[in-house]
Amino acid sequence: MATYRLNVNGSQKTVDVDPSTPLLWVLREELKLTGTKYGCGISACGACTVHVGGVATRSCVVPVSLIGGPIVTIEGVGNDPVGRAVQNAWVEKDVVQCGYCQSGQIMSAVALLKATPKPTETNIEESMGGNLCRCATYVRIREAIMSASQQVK
Amino acid sequence: MFARIRSLTPVFIMALFATTLSLSLSQAAKPESVTTAAGLAAWDQVYSVLISPRCINCHTATNYPQQGDDRHRHFANVIRGPEGKGVPGLNCISCHQEQNADSTGVPGGPNWHLAPLSMQWQDLNDRPLSSAAVCRAVTDRSKNENMDGAALLKHHSEAELVIWAWNPGHRPDGTTRTVPPLSHQEFVAATRTWVEAGTPCPKGR
């Protein structure tokens with residue numbers, strides 16, 4: 001076991017966990033931030049996506065010992081103007097069906113729009129290609145990202 | 001007169017010895033001291049490493065990396081991106097950290113990224129290029145980030161992602177990833193011999 005000080009959604013958190021513990025389980029089990037979901041456990045589906053140091057990160061495969069920057073989860077992303085715009089667009093377009101993958105979808109979409117405020121269809125396809133949705137809400141996700149991009153300067 | 005010659009003989013011998021030693025040392029330091037044949041043999045060894053999966057999986061000609069010893073397309077729709085580091089939302093460092101994550105089976109190293117397309121060692125069908133073609137690419141300074149022989153030797157000796165190939169970590173099932181066919185020490189020695197021979201390339205396509 002080891003002690004780690006993490007900046008999560010702007011707050012300092014201290015956790016005492018095994019160094020090999022994936023960040024996902026630190027967030028969910030230690031910090032009770034259950035908005036980030038466990039999907040595949042091998043970074044193939046994107047449900048566990050959070051931001052670490054501003055980079056969309058698959059929290060299910062990154063051990064807490066390798067975390068090197070502030071963490072933003074779905075619980076905190078709305079504090080950011082881009083995050084807020086994306087969440088509003090998600091509501092506006094009624095994107096969600098079952099919802100299980102959607103926190104990861106939003107985190108990837110925010111990462112895309114922060115780097116590329118006016119994305120093309122290709123940009124969206126490439127950046128969101130690692131986020132799977134069994135309900136196949138892809139069309140609405142694309143519309144919501146385009147809508148959010150209109151709100152992002 | 002003979003006495004004078006006798007008195008000069010040790011000086012002459014020492015001068016001759018010094019000249020011979022000097023020539024010998026200077027020849028040892030010159031690239032020509034390694035024959036082209038030896039250089040080509042060394043290149044064969046270097047090539048065997050470059051086309052091993054730990055190296056060639058990130059020297060693709062396509063817009064995606066490969067993974068595994070069977071060199072299959074990287075899962076999760078990972079793509080190259082404009083700088084060889086993926087795209088926002090799906091960067092290489094979304095999963096690959098500064099070091100291997102053995103508890104989850106994800107390899108990692110500093111600045112994880114794909115080699116530039118100019119350093120592609122495969123064709124568009126993911127088949128490794130010939131030894132001659134890879135050698136031409138590696139030695140073409142318009143393609144290799146302007147590296148001369150010395151810089152190539154340094155790259156093979158010290159570049160962190162090169163060295164990673166001999167410390168590739170564990171697969172998700174806990175087994176150790178395959179390493180290249182030579183040790184890193186042997187790889188560097190072969191590169192040095194090839195460089196000292198003047199980086200000769202095999203003929204052919």
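Residues numbered from 1 in each chain as written. Chains lettered and ligands numbered in written order. Predicted model: local features only at pLDDT ≥ 70, side-chain atom pairs only at ≥ 80, totals over all residues.

Draft legend 1. Expanded view of the overall build of chain A. Secondary structure assignment for chain A yields 5 helices and 5 strands. When the helices and strands of chain A are listed from N to C terminus, the series reads β-β-α-β-β-β-α-α-α-α. Whereas a compact globule of 153 residues would reach a radius of gyration of roughly 15 Å, chain A reaches 15 Å, a difference of no more than 12%. Viewed in the frame of its principal axes, chain A has a C-alpha envelope of about 45 × 30 × 25 Å. Taken across its 153 residues, chain A has 46% of its residues classed as buried. Restricting to contacts in chain A with at least 6 residues of sequence separation, those with at least 24 account for 60%. (Helix = DSSP H or I, 4+ residues; strand = E, 2+ residues; numbered from the N terminus. Rg over C-alpha atoms; globule rule 2.2 N^0.38 Å. Buried ≥ 20, exposed ≤ 12 C-beta atoms within 10 Å, placed from the backbone. Contact = placed C-beta atoms within 7 Å.)

Draft legend 2. Geometry of helix H1 (residues 23-30) of chain A. Residue and element names in this part refer to chain A. All buried positions along H1 are accounted for by Leu23, Leu24, Val26 and Leu27. On its buried face, H1 is in contact with strand E2 (11-17). One or two steps after H1, the chain reaches Lys32, where phi turns positive at roughly 60°.

Draft legend 3. How the structure looks around unusual backbone geometry. At Lys32 of chain A, a residue that is not glycine, the phi angle is positive and equals roughly 60°. Looking at the element boundaries, Lys32 of chain A is found in the loop between H1 and strand E3 (49-52). Even without being a glycine, Thr199 of chain B presents a positive backbone phi close to 50°.

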